[in-house]
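Structural overview
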Amino acid sequence: TSFHKLGHFVANHPVFFASAPVLISILLGASFSRYRIEENVEYLLAPKHSLAKIEGNLVDSLFPVNRSKHTLYSDLQTPGRYGRVIVTSRRGSVLDPHHANSVLK
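This structure is a prediction, so every number in the text was calculated from the model and none was measured. (Residues numbered from 1 in each chain as written. Predicted model: local features only at pLDDT ≥ 70, side-chain atom pairs only at ≥ 80, totals over all residues. Heavy atoms only, no water.)

Topic: the overall build of the protein
On a plain count of helices and strands, the protein comes out with 6 helices and 0 strands. The order of helices and strands in the protein, counted from the N terminus, is α-α-α-α-α-α. Evaluated residue by residue, the protein yields a buried proportion of 6% over its 105 residues. (Helix = DSSP H or I, 4+ residues; strand = E, 2+ residues; numbered from the N terminus. Buried < 20%, exposed > 50% of the residue type's maximum accessible area, 1.4 Å probe, protein only.)

Details of the packing of aromatic side chains
We describe a pair of aromatic rings using the distance from one ring centre to the other and the angle between the two ring planes. One pass over the structure, following the stated rule, counts 3 aromatic pairs. Seen from their ring centres, F32 and Y35 are 6.1 Å apart, and the 75 degrees between their planes marks the pair as edge-to-face. Among the aromatic residues, those joined into a cluster by ring pairs are F9, F16 and F17. (Phe/Tyr/Trp six-rings, centres within 6.5 Å; stacked < 30°, edge-to-face > 60°.)

Side note on the confidence of the model for the protein
In this model, the protein carries an average pLDDT of 80, and 81% of its residues clear a pLDDT of 70 or more. The secondary-structure element of the protein with the lowest mean pLDDT is helix α5 (residues 73-76), recorded at 51, while helix α1 (residues 2-12) shows the highest, at 94. (pLDDT = per-residue confidence, 0-100.)

Structural notes on the side chain of K53
Relative to the assigned elements, K53 resides in helix α4 (residues 51-62). Those residues in contact with K53 that lie beyond four places of it in its chain are E42, Y43, A46, P47 and K48. (Contact = heavy atoms within 4.5 Å.)

Digging into a nonpolar patch on the surface
A cluster of nonpolar residues, F3, L6, F9, V10, F16 and F17, forms a patch on the protein surface that exposes about 640 Å² of accessible area. Counting only elements with at least two residues in the nonpolar patch, the list comes to α1 and α2 (14-29). Per element, the largest residue contribution to the nonpolar patch is 4 residues, and it comes from α1. Residue placement: V10 occurs in helix α1. (Patch = residues over 30% accessible without salt bridge, like charges linked within 9 Å, V, L, I, M, F, W, Y side chains within 5 Å. Areas by Shrake-Rupley, 256 points an atom, 1.4 Å probe, with all protein chains shown as cover. Salt bridge = Lys/Arg side-chain N within 4 Å of Asp/Glu carboxyl O.)

Here it is as structure tokens:
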């Protein structure tokens, strides 16, 4: 009986039940307009006004990196002075002493 009444209610108000999910999806999806991927590791790890950032900007201003088209392609693709490595282990944990030593080597 309750599903029968619910079906009648939905059938009597089709515009609401057709447009409400679309409007809710648009409102919730609007936050993705400000979404961006941050490539700068320094921005993610260091505080905004840290001494490391100030000194890094000073070094970059005094010793600029040659980003001309005559340099190597790999040099143009480096995001900074940092590299990212993902370490996995087939057996055991990556934190085992044997695996940790091989990562450090």
